[in-house]
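Residues per chain are reported as follows:
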Amino acid sequence: MALEKVCHQSERHRWYDRLPASPAVQVGELLFIGGQVALDGDGRPVAPGDVRAQAKYAFERMRELVQAAGGGMDDVVDIISLHKDAREMDTVFEVAREFFTSDYPAWTAVASTGFQEPELLVSIRAIAHLGAGKKECFTPETIRWVRRFPMSGGCKKGDLLFVSGQMGADADGYITRPGDHGAQAQYAFRRIQEIVEMAGGSMDDVIDLIGFNRDPRGMDAAVDVWLQEVVADVARENAPTVTTIGTPGLYRLGLLGAYRAIADFSPGPRVAHCPPSIWWHALPIAGGAKKEGGRLITIAGEVASDGDGNIITPGNTARQARYALARIQEVLERFGASMENVVEVSSFHKDPRAWPIVMEVAEEFFGTEAGPAWTVAGTTGLYKEGYLHEIYAAAMV
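This one's a predicted model, so the numbers in the text were calculated from it and none came from an experiment. (Residues numbered from 1 in each chain as written. Predicted model: local features only at pLDDT ≥ 70, side-chain atom pairs only at ≥ 80, totals over all residues. Heavy atoms only, no water.)

(A) Inspection of the overall build of the chain at higher detail. Per the secondary structure count, the chain includes six helices and 18 strands. Taken against the 2.2 N^0.38 rule, which gives 21 Å for 397 residues, the C-alpha radius of gyration of the chain at 19 Å falls within 12% of a compact globule. Across its three principal directions, the C-alpha atoms of the chain cover 50 × 45 × 40 Å. The burial tally for the chain puts 63% of its 397 residues in the buried class. A fraction of 76% describes how many contacts in the chain between residues 6 or more apart in sequence connect residues 24 or more apart. When the accessible surface of the chain is totalled, it reaches about 14,300 Å², and 46% of it is carbon and sulfur. A distance of 3 Å separates the average location of the 39 positive side-chain charges in the chain from that of its 53 negative side-chain charges. (Helix = DSSP H or I, 4+ residues; strand = E, 2+ residues; numbered from the N terminus. Rg over C-alpha atoms; globule rule 2.2 N^0.38 Å. Buried < 20%, exposed > 50% of the residue type's maximum accessible area, 1.4 Å probe, protein only. Contact = heavy atoms within 4.5 Å. Areas by Shrake-Rupley, 256 points an atom, 1.4 Å probe, with all protein chains shown as cover. Lys, Arg positive; Asp, Glu negative; His and termini not counted. Charge placed at Lys NZ, Arg CZ, Asp CG, Glu CD.)

Structure (structure tokens):
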């Protein structure tokens, strides 16, 4: 499927030249910005040990990319920030106020075990909507505690609504149901529903959910709540995508999960595909999902297990990455699309030092030029012991 795709880069992004990835990819009014980090044009770390300086550098690079696409920072509607130390999130929020003044983007902040280089302390990926339509932000009273930060509970422009990572904290920020993964996930899912309804939609418009879990052993409890309360009556061919990632920390101790969602208000029902090579194909969880009248395809984090759930090539970094990327390709083919349609990839690794190997494999799928916007992060764990990576993607048709 032909796609008009523009890749944006600045002089300080020339280290991407040797990768099957781009700093930012634009399709129509949407700009997908890969995780911005404090690397200079030659790929050397900037300001080691100084998270404030590294955050400022990342936001400056983000601004360069948005401006190169003809927009401004007010066009940013969604951020996921990954932090080497969760205790430094407040510092990054303070820096962000230099770049965002009102109508804040949706923002999901989670910890990570590492990035491309060990000296990197923060990575900030984003999506900007460059269209002329109205940007609407929603922060209900039930999460009023987040109003102290440069973020909104949800941010909508055009047909897309991005919902910040919702967590098990009440209106004043106090932890709900300490220690109970399922109860905190239930609270978060209800906040997602509330924000989607404020924007004029319903949970039937949600095409994608990413859960970041403080303890990967709590993923089952969160997914069970999703399956039993959110998509219990949803047919597999109309299901949203779900991705689950382990994180070493969230904004405060006691929070067990952060759940970020995308809703698409384009006309028609959700359309989902989940080929039998993906082990959750019998569940109402899509391998890939989109709205019938929409252009955005979300692709669940793909992993190295076959249709029966068996781990593929245990311990083999390259082969597990190849299997995950092949599943992305297979899902896209079900939509009549190809890897050329991929605009964004976020790869999560049990060991971030595996990233160069994954990049070599990615060349087989994306070539060496004009690849997707790419974010890399280390994770404490994935859904099954034995997975070395989980690779999440988004595509435009």
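(B) Fine view of the pairing of strand β13 (residues 270-273). By the alternation rule, side chains of β13 split into Arg 270 and Ala 272, which are all buried, and Val 271 and His 273, of which none is buried. Where β13 and strand β14 (residues 288-291) come together, four bridges link them in antiparallel fashion. Bridging across to β14, His 273 finds its partner in Gly 288. (Pairing = 2+ DSSP bridges.)

(C) Quick peek at the sheet that holds strand β9 (residues 160-166). Read across the open sheet, the six strands follow the order β7-β8-β9-β12-β10-β11; overall the sheet is mixed. One side of each edge strand has no neighbouring strand; the edge strands of this open sheet are β7 (135-138) and β11 (241-246). Neighbour-to-neighbour, the strand axes of the sheet open up by a mean angle of 10°, direction not taken into account. Bridge count for strand β8 (residues 154-157) against β9 is four bridges, and the pairing is antiparallel. Counterpart to Lys 156 in the pairing with β9 is Leu 161. (Axes fitted to C-alpha atoms, helices over the stretch in contact; angles between N-to-C directions.)

(D) Local environment of empty space enclosed by the protein. For the structure shown, the criterion picks out six cavities of 30 Å³ or more. When its volume is computed, the largest cavity comes out at roughly 200 Å³. Along the wall of the largest cavity there are 17 residues; nearest its centre are Trp 145, Val 146, Met 151, Gly 165 and Met 167. Of all elements in the fold, only β5 (106-111) and β9 reach the threshold of two or more residues within the lining of the largest cavity. Class assignment of the residues belonging to the lining of the largest cavity gives a composition of 12 nonpolar, five polar and no charged. (1 Å grid on protein atoms, 1.4 Å probe; cavity = no way out; pocket = protein on both sides within 12 Å on 5 of 7 lines; lining within 4 Å. Points joined across faces, edges and corners; volume = space filled by probe spheres on them. Nonpolar A, V, L, I, M, F, W, Y, C, P; charged D, E, K, R; others polar.)

(E) Seen up close, the environment of Gln 320. Residue position: Gln 320 is located in helix α5 (residues 317-334). Assessed through its relative accessible area of 1%, Gln 320 is described here as buried. Separated by 35 residues in the primary sequence, Gln 320 and Ile 285 have C-alpha atoms spaced 21 Å apart. With sequence-adjacent residues up to four places away left out, Gln 320 is seen in contact with Ala 304, Ile 311, Ile 312, Thr 313, Pro 314, Gly 315, Gly 386, Tyr 387, Leu 388 and His 389.

(F) Quick look at the packing of helix α1 (residues 51-68) against helix α2 (residues 89-96). Direction vectors running N to C along α1 and α2 enclose 45°, while the axes themselves pass 9 Å from each other. On the basis of their axis angle, the class for α1 and α2 is oblique. Every pair of crossing elements has a handedness; the one defined by α1 and α2 is right-handed. Where α1 approaches α2, its residues Val 51, Arg 52, Ala 55, Lys 56 and Phe 59 are matched on the opposing element by Thr 91, Val 92, Glu 94, Val 95 and Ala 96. Along the lines of polarity and charge, the residues of the contact of α1 with α2 split into six nonpolar, one polar and three charged. (Parallel < 35°, antiparallel > 145°, perpendicular 65-115°, else oblique. Left-handed = near helix turned anticlockwise from the far one by under 90°.)

(G) Quick peek at helix α3 (residues 181-198). Compared with the 26 Å implied by 1.5 Å per residue over 18 residues, the 26 Å span of α3 between its first and last C-alpha is a close match. Regarding α3, the residues found buried are His 181, Gly 182, Ala 183, Gln 184, Ala 185, Tyr 187, Ala 188, Phe 189, Arg 191, Ile 192, Ile 195 and Val 196. Those residues of α3 hidden inside the fold are in contact with β7, β8, β9, β10 (206-213), α4 (219-230) and β12 (257-264). By the N-cap criterion, in which a side-chain oxygen at the helix start approaches the backbone nitrogen of a residue two or three places on, α3 is capped by Asp 180, the distance to Gly 182 being 3.2 Å. With its phi angle positive at about 95°, Gly 200 sits one or two positions after the end of α3. (Expected span 1.5 Å × (residues − 1). Polar contact = N/O pair within 3.5 Å; in protein donor to acceptor, adjacent residues only side chain to side chain.)

(H) Structural detail: the packing of aromatic side chains. Per the counting criterion, the structure on display carries 16 aromatic pairs. Ring centres 6.1 Å apart and planes at 90° place the aromatic pair Phe 366 and Trp 374 in the edge-to-face group. In terms of burial, Phe 366 and Trp 374 fall into one category: buried. In textbook terms, an aromatic cluster arises when at least three aromatic residues are bridged by ring pairs, as seen for Phe 59, Phe 93, Phe 99, Phe 100, Trp 107, Trp 145, Phe 149 and Tyr 251. Taking NZ or CZ as reference, Arg 327 lies 4.4 Å from the ring centre of Tyr 323, over its face. (Phe/Tyr/Trp six-rings, centres within 6.5 Å; stacked < 30°, edge-to-face > 60°. Lys NZ or Arg CZ within 6 Å of the ring centre and 35° of its normal.)

(I) Seen up close, unusual backbone geometry. We note that Asp 103 has phi near 45°; this positive angle belongs to a residue other than glycine. Take Asp 103: its relative accessible area is 45%, and that puts it in the partly exposed class. Even without a glycine there, the phi angle at Thr 313 is positive, about 45°. Topologically, Thr 313 is positioned in the loop between β15 (296-302) and α5. In this structure Thr 313 comes out as partly exposed when scored by relative accessible area, which is 24%.

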